[in-house]
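Single-letter residue listing:
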Amino acid sequence: MDTIQQLEQEFSQKLSDLTPETAEMLRIEYLGRKGKITQLLHRIGELPPEERKGYGQSVNALKQKVEAALTEHSSQSGDTRSQKSNIDITLPGVEPEQGSCHPITQTIEEFIRVFQRMGFEIVDGREVETEKYNFTALNIPIDHPARDAFDTFYTEKGHLLRSQTSTVQVRVMENRKPPLRIIAPGRVYRPDEIDASHSSMFHQVEGFMVDEKITFADLKGVLRLFLTEIFGKEVKIRFRPHFFPFTEPSVEVDMMWVRKQITSGGTVQKSQWLEILGAGQIHPNVFKAAGYPKGKYRGFAFGLGVERMAMLRLGINDIRYFYENNLDFLSQF
Amino acid sequence: MKLSLNWLKEYIPVAQSPKKIGEALTMAGLEIGSVENVVEVSDVVLEGEITSNRPDWLSHLGVARELSALSGKKIKVPTLSRRKSNAKLKVTVTNQSKKKCPYYSCVVLKDVTFGSSPEFLQKRLITCGLRPINLIVDVTNYVLLECGQPLHAFDLDLLAGQQIIVRNAKPNEKFIAINDKTYVLATEDLVISDGKQPVALAGVMGGKESEVTGTTKNILIESAYFDPLTVRHSSRRHALMSDSSYRFERKVDVKGVDWARQRAVDLICQYGTVGDVGVVSSTGSLSARKTTITLKIEDIQNILAVPIPSAKVKSILTHLGCIVKSTSASSMRVEVPSFRHDLADAIDLIEEIARIYGYDRIPEHLPEMRMSSVSLDNPLAYEIQARDLLCQWGLREIVPYSFSNFEEVQKMGLNTKEVVRLVNPRNAELNMMRISMLDAMMRVIKNNMNHRNMDLALFEIGRVYRQSSTQLPNEERHICLAMTGQKQRGWIDPQREMNFFDLKGTVVRLLDEFGIDGLVFKESQCEGLCAPCVEIIADGMAVGAIGLVNQTTAEVFDVDQPIYVSDLNLDVILQMKKKAKKFTPIAKFPHVTRDIALLIDQTIKSVKIEQKIKSVGGNLLESVVLFDVYEGKGIPSDKRSVAFRMNFRSDARTLEAEEVNRLYQKITDVITSEFKAQIR
């Protein structure tokens, strides 16, 4: 059994030829969980009670001495934990693997979050639909020129692929009573000629709010709040009359879009109004189709083109990139 | 629609700059896309986008009326001349389809001498994008652009029998239009025929053979009201759109039919020489029924949230051509003009008031909200959760088309019985709604490989569509995951190929996050996949599959590299009971770890050993994890080395080494005998 004095002598000898590599070993040998000094401390229970106090003090004094010596040594020679000094710290860090959400769903989720903060509820609608929900209930008569704007795919069974997310309006209203605050994102389909700005499949977010006293002023207020959340406080928008069969009054919302253009004379800022969403007070005929009592409820609805918004915000110039899903595209978002 | 500013100025005084006029119209709902000078005719053209509810804006008079409502100034409509007509000068008109043509009228102009149109008229046509031809043709175009009523002029001498028959086309009847194209007509088409053959496709286009030319002497001017649907169908059927069909489809003004014919005669008489004007030959009549709407004053404020004085309301409606019949404190009786088919209800009038009053003057307000119940178990919430997790785990989300190619899907060997096929695909290659997520995923992978992106970890959250016996097809939510190529690592870890277990781990983790555990993986045959291929079963239900893309599918998409795919049925997952997260008290006593490495036959499933360890280990065995698998060098070819790490722990005391050793020995004995395993 080592005595306190023996240990102290032994340690001073070892300290004299200490290297950075052996310093840590020495720390473990004396101060580790099973180290020599630790063991001395453990033995305190074997002593008669009157000797314990003096013994404990001496062991602790030694422990402090050893700690001080090792600390001093390491401050002279650098941290004993430090690895080789010739590490090339300019090598790239090993990054965690990170995937990415598609810019379309990123955009949709961002819109959803804003509307959820305003108390809107997300609802999902089906894509293969009947004439009723896509047209008739939305006050779009069969064979009307208004339908040209909603050119449609049909299935063999006489169903159609919804050409707009507004199908959700009557689907929800048939089953539920106001107050309603609904947001419904999803895929829609139109047999458009495919080019840089048209696709036969694209995404919309439909929203509507129905209660007893909703006005056109509420529509303006909610849409401005949404656009401010998305584009910032300085967003400049205007509400312009338009025609949609299922809303009246109908409105299109334009946003002032400022673009920097590089010309031979330098950079010029070009600004123009860009149409970003369609909206309006829900037409009484839509409430009628939903089976609501005449004149009882009022509300507004709006529809957003997701691709268009994503293209504007991300500076994407061809809608086809979205569906090609090239990694070089996806990894940018 | 191109609008000439000079022309508009004939009907209404405008002092504002062309740009301001364009803005004013835009903010009233007639979107002016561009305002440009037409230097060669000293005019300004306003390019208007006209919504389908406003055919009255497809004319200069209609737009002038809008400017009148916006400015409060009156419009000046050209007055018609009164003239004597020769009662003997007429043609016989027979109308065999009153339904498709409620009213047909025409008038003969005899011994007409004409040349070019006057300069002002030519200039206006040029501004509107038309090429002046001769007085007669120009006048019909001019009147169409003036009031919106399409007209047609025939060379009377080229009409066989000098008669007009309005009738359905005969089967396979041929018609040569003035665009020199020959159309084979359908019996649903309405034609204007002479004694022999069709001379016009009603409301769409006139015929080549009776066209007015420089040598024409006697002219027949037609003005009619054709059924919008009939014109629309003919125009669609023959892919033939004209300024005329565009207006008839959207309904012309019933009051404008006679006016336009008389206006054309006036202009021809004024700028040409006309020997004699005949009487009007006509058939049918147009309903003069007037629409009257009761507008409740309080509704205006209820909807627009702004009080608009009755006098202002009356002024707006009157300038738009309405007649306010009576006004009381609470309501107004409003008669709608014949050119506004779109005004049918009070709400339509309120929109008119809002438009002219100005949307920008309506205040903005945030609604007071009443609480409503919100359904919690929303499928979209799961989609969002899955999407976020998979992105965090290094996968890229894709959004491909939901269309498939039927032939391709058949070649892949997928079940095509319940396919939802499209009648009118945009692209013959994408002729059905997809029945599997696999082909879209493969297409994306192939496209990426073409761009030399060989290392891919992708997923899509979408739907597959299956015809159902009951009404609408089933739309099933799926998550499709795919991994192929090298696992993306930094420079420290060795590169390796992604494999079945990378995908399996991702799927298990995802389902665990959804609160689904106790998964069973059953080796099986899955569509489009081959071994290693498993069906994933939870709670007795098949929730999906994981496997290697099979040879057939790989060949269809011309991909060599092994691709692992998993398909999860989100709809099934949604229905399942989910385990809620719950706190377990943190252990007070330390655990003891023991490892066991075994040499086993390759036919033995590791999960069986794991289960056995668990059952022998009992309560004191806290966990068992497989942490190493080795095959190859140093091990017989039919054997595999597997190693498990076991943690032993008691929640009542610190375990003694002896106690653990005994338990470990017991486990070892059972495993070695039961699985004929050797301890390594």
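In this report, we go over the structure that sits alongside the text. (Residues numbered from 1 in each chain as written. Chains lettered and ligands numbered in written order. Predicted model: local features only at pLDDT ≥ 70, side-chain atom pairs only at ≥ 80, totals over all residues. Heavy atoms only, no water.)

Across the boundary between the two partners, chain B contributes 88 residues, which contact 89 residues of chain A. Summed over both partners, the interface of chain B with chain A buries about 8000 Å², with 54% contributed by carbon and sulfur atoms. Its largest share of buried area at the contact with chain A, chain B owes to Tyr-359, Val-399 and Arg-426 of chain B, together 10% of the area lost on that side. One can count ten salt bridges joining chain B with chain A. The residue Arg-387 of chain B makes a salt bridge to Glu-109 of chain A at a minimum N-O spacing of 2.6 Å. Our count for the chain B to chain A interface comes out at 44 residue pairs in polar contact (both at pLDDT 80 or more). Counting residues per element, the side of chain B that touches chain A draws most heavily on strand β23 (residues 456-466) of chain B, at seven residues. (Contact = heavy atoms within 4.5 Å. Buried area = accessible area lost by both parts, 1.4 Å probe. Salt bridge = Lys/Arg side-chain N within 4 Å of Asp/Glu carboxyl O. Polar contact = N/O pair within 3.5 Å; in protein donor to acceptor, adjacent residues only side chain to side chain. Helix = DSSP H or I, 4+ residues; strand = E, 2+ residues; numbered from the N terminus.)

Right, let's get into the nonpolar core. Counting residues in each nonpolar core, the largest one holds 122 residues, and the members touching the most others are Phe-226, Leu-227 and Phe-322 of chain A together with Leu-295, Leu-304, Leu-317 and Phe-403 of chain B. Once you skip the residues sitting within four places of it in the chain, Leu-227 of chain A turns out to touch Gly-232, Val-235, Ile-237, Val-253, Ile-276, Leu-277 and Met-309 of chain A. Counting 48 residues, the second-largest nonpolar core is a separate cluster that includes Val-14, Leu-61, Cys-128 and Ala-264 of chain B. (Core = buried A, V, L, I, M, F, W, Y, C linked by side-chain atoms within 4.5 Å. Buried < 20%, exposed > 50% of the residue type's maximum accessible area, 1.4 Å probe, protein only.)

For the rest of this paragraph, the subject is helix α6 (residues 228-237) of chain B. Burial in α6 of chain B covers these residues: Pro-228, Thr-230, Val-231, Arg-232, Ser-234 and Ser-235 of chain B. Against the buried residues of α6 of chain B lie β10 (190-193), β11 (198-201), β13 (219-225) and α7 (243-249) of chain B.

We describe a pair of aromatic rings using the distance from one ring centre to the other and the angle between the two ring planes. Taken as a whole, this structure holds 25 aromatic pairs over all chains when the rule is applied. Ring centres of Phe-115 of chain A and Phe-302 of chain A lie 5.1 Å apart, and the angle between their planes is 25°; this geometry places the pair in the stacked category. Remark: Phe-302 of chain A occurs in strand β9 (residues 298-305) and Phe-115 of chain A occurs in helix α5 (residues 103-117); sequence separation between them is 187 residues. Classification of Phe-302 of chain A by relative accessible area gives buried; the value is 2%. Here the guanidinium or amino end of Arg-54 of chain B rests over the ring plane of Trp-57 of chain B, the centre of that ring lying 3.9 Å away. Sitting above the plane of the Tyr-357 of chain B ring, Arg-361 of chain B keeps its charged end 4.0 Å from the centroid. (Phe/Tyr/Trp six-rings, centres within 6.5 Å; stacked < 30°, edge-to-face > 60°. Lys NZ or Arg CZ within 6 Å of the ring centre and 35° of its normal.)

This next bit is on the pairing of strand β7 (residues 163-168) of chain B. All names here are of chain B. Pairing of strand β4 (residues 92-95) with β7, which is carried by four bridges, proceeds in the parallel orientation. Bridging across to β7, Asn-95 finds its partner in Val-166. As defined by bridge partners, β7 adjoins β10 across four bridges and the pair is classed as antiparallel. Bridge assignment links Arg-167 to a residue of β10, and that residue is Val-191. (Pairing = 2+ DSSP bridges.)

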